[in-house]
Amino acid sequence: MTPPTFVTLHSTDLPPDQRFDWWCDLISHDVAPVRVTSDHAADFRASAGAIDLDTVQLTTMEFPALSSARTPALIRSSDPERYELALIVGAEMWISQGGNDTLMGAGDLVMWETSHPYEGGALDGPAPAQAIIVHLPRSGLPLPSGKVDTLVAGRMPAGGGIGAILAAYLRTLVREAPSMALQEARKLGAATLDLALAFLAHLLNADDRLQPETRQLALMAQIRAFVEHNLGDADLTPRAVAQRHHISVRYLQLLFQRQGTTLTEWIRHRRLEHCRTDLADPALAGRPINAIAARWGFTRAADFSRAFRTAYGMAPRDFRHRD
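Residues numbered from 1 in each chain as written. Predicted model: local features only at pLDDT ≥ 70, side-chain atom pairs only at ≥ 80, totals over all residues. Heavy atoms only, no water.

Enquirer: Explanation requested: the sheet that holds strand β11 (residues 129-137) in the structure shown.
Expert: Either a parallel or an antiparallel arrangement is found when strands of a sheet pair, and the pairing is made through backbone hydrogen bonds. Strands sit in the order β1-β3-β4-β11-β6-β9 across an open sheet of six strands; the sheet is antiparallel. At either margin of the open sheet sits one strand with a lone partner, and together these are β1 (6-10) and β9 (109-113). Strand-to-strand twist in this sheet, taken as the mean axis angle between neighbours without regard to direction, amounts to 20°. Both strand β6 (residues 82-88) and β9 contribute to a ladder of five bridges, which runs antiparallel. In the strand pairing of β9, Glu 84 is matched with Trp 112. Across the sheet, helix α1 (residues 16-30) lies against β1, β3 (47-52), β4 (57-63), β6 and β11, angled at about 155° from β4, the strand it touches most. (Pairing = 2+ DSSP bridges. Helix = DSSP H or I, 4+ residues; strand = E, 2+ residues; numbered from the N terminus. Axes fitted to C-alpha atoms, helices over the stretch in contact; angles between N-to-C directions. Contact = heavy atoms within 4.5 Å.)

Enquirer: Explain the packing of helix α9 (residues 263-279) against helix α11 (residues 301-312) here, please?
Expert: In a packed pair of helices, the relevant descriptors are the angle between the two axes and the axis-to-axis distance. Packing of α9 against α11 leaves a shortest axis separation of 11 Å and a crossing angle of 90°. When the axis of α9 is compared with that of α11, the two are roughly perpendicular. Contact with α9, carried on its side by Arg 268, Leu 272, Glu 273, Cys 275, Arg 276 and Leu 279, involves Phe 304, Ala 307, Phe 308, Ala 311 and Tyr 312 of α11 and no other residues of that element. Here the residues of the contact of α9 with α11 are counted per class, giving eight nonpolar, no polar and three charged. (Parallel < 35°, antiparallel > 145°, perpendicular 65-115°, else oblique. Nonpolar A, V, L, I, M, F, W, Y, C, P; charged D, E, K, R; others polar.)

Enquirer: Please explain the pairing of strand β5 (residues 66-70) as it appears in this structure.
Expert: Two faces belong to every sheet, and in a regular strand the side chains alternate between them. Burial within β5 is extensive, with four of its five residues counted as buried. Where strand β2 (residues 35-37) and β5 come together, three bridges link them in antiparallel fashion. Bridge pairing in β5 links Arg 35 to Ala 69. Pairing geometry for β5 and strand β10 (residues 118-122), over five bridges, is antiparallel. Note that in β10 the partner of Ser 68 across the bridge is Gly 120. (Buried < 20%, exposed > 50% of the residue type's maximum accessible area, 1.4 Å probe, protein only.)

Purely spatial values, then, with no claim about function.
Okay, structure coming up:
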């Protein structure tokens, strides 16, 4: 199966005196034309990756301190008419647009749009700036553009809720993109767009503007994140999960049934996967097996041993001491 388009380019593949101009041309083409200045222009060490997920495109960037500006003249010459939703991964960055000014650090989400002037950049630090950018069309979004515009150049919460889910998802997506097949990429492209829309709609209190499928995907992402965070709780039951998300147990069961499983089966699977990881970790070789099982919610050693053998074909002790 043909893999999706995934290309990472490095300025260090060029002579030092060509690197900065190369970077400026690349960003102008992949994001939007901007005017860039940098104290590191003489030997500009940067990289950029492009990920084509069919329904949505992502750009990854790593670069030293710089300043950029998108001027009215550049907008008149070329405008992709997009919102750029970015996860900041590395050094501090800043953005100014529409009367908003924001300083962002690693883990922050931020958005700007290409049809109006803006300024931005990265500050000098011990590590380069890094960002993952999701390109969203200004037209065609199921959200009122006037309201979406109020979000530009403002820090968006990513420490919890749907923001944290989106941030973790983007990091995983970039990490796994090189090995994805085309069919996987198409599915993930739709999921990426739905998560981004759900995040923006949540900030705007406009969840009712989303398609039912988008709301359902966002709900499932929140449920899975909650379960992962609470796997060690032996009282993690379908009723507890349903109450936490203000839905009925019946609807919760239906959501997982559509995924070809049940919540109970999925919880058991994730607990076993964590136990297997811990049993294979040399740093945890001295920790008793029953302590590892209890850490991930297995309160009865016999039940854990039986479930582990069924899943992996051997007892936990044999798995830990395998060659």
